[in-house]
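# Observations on chain architecture
Below, each chain spelled out in residue letters.
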Amino acid sequence: MNLKKQILHNAILDDNELWAEVKAGDEKAFSILFKRYYGYLIQYGNSFSPFSEKIQDCVQDVFTDIWVYRNSLSDTVVVKAYLLSSVRKRIVRLQQRDKIFSKTTSVDAVAFLLDFSVEHQLISDESTAGKVARLNKLLNVLPARQKEALYLRYHHGLNVDQVAEILNVNYQSANNLLHRALVNIRKDWKVDLALFLVFLTNWM
């Protein structure tokens, strides 16, 4: 087994290298890409609809399109952002087609439904448990767009430009969503901001 195939076999290529191999038609690379992101995309998709089987179909369709149209894909993409955006757009089309939400006419109209739940291993004592419970409550009453922006920014580690692309807004609008979300949280969160960000980046 040559070095390239060994690397692929061990699934240690970074996203950019993996994307290049997929575009070159490497089935093993495609399988690795699928396994690496399928769970994340299902979780994200389930944030918009309770129809889990249809969400699975959407995610699988995104991967099918990537393989079928690999020759026409851009060489320079942020893979995670591209996949999340593709799933979001496909869900919108599904909802339009099936009229699950009769007023849904664009990506902007999709409601982010995911509830936040900070990792239980972070709860080391009763005091911390109370803080976590309070944070979860504050996060889950945020407007859907603010909540989704936080989810993309902190849970998936995307930058503001990438969040903007997925939400189909400009940079300033995405930045405003994040800022308003943090301001809303901080109004009632009386704990150190650093601790807040630790919790935020470890939810789910």
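Residues numbered from 1 in each chain as written. Predicted model: local features only at pLDDT ≥ 70, side-chain atom pairs only at ≥ 80, totals over all residues. Heavy atoms only, no water.

For the protein chain, the mean per-residue pLDDT works out to 81, and 73% of the residues sit at or above 70. Low pLDDT (under 50) marks residues 101–107, which in the prediction has 15 contacts with non-local residues, meaning those over four places away or in another chain. (pLDDT = per-residue confidence, 0-100. Contact = heavy atoms within 4.5 Å.)

Tracing the sequence through the fold places Leu182 in helix α9 (residues 171–188). Sequence-wise, Leu182 and Leu142 are 40 residues apart; in three dimensions their C-alpha atoms are separated by 9.8 Å. (Helix = DSSP H or I, 4+ residues; strand = E, 2+ residues; numbered from the N terminus.)

With that settled, the discussion passes to α9. When the terminal C-alpha atoms of α9 are compared, their 27 Å separation across 18 residues agrees well with the 26 Å that a helix rising 1.5 Å per residue should span. The complete set of buried residues in α9 reads Ala174, Leu177, Leu178, Ala181 and Ile185. Looking straight down α9, one finds its buried side chains confined to an arc of 90°; they lie on one side. Residues His179 and Lys187 are exposed on α9 and point more than 90 degrees away from its buried face. Regarding α9, its N-cap is Asn170, as a side-chain oxygen of that residue lies 3.2 Å from the backbone nitrogen of Gln172 further along. (Expected span 1.5 Å × (residues − 1). Buried < 20%, exposed > 50% of the residue type's maximum accessible area, 1.4 Å probe, protein only. Arc of directions from axis to C-beta. Polar contact = N/O pair within 3.5 Å; in protein donor to acceptor, adjacent residues only side chain to side chain.)

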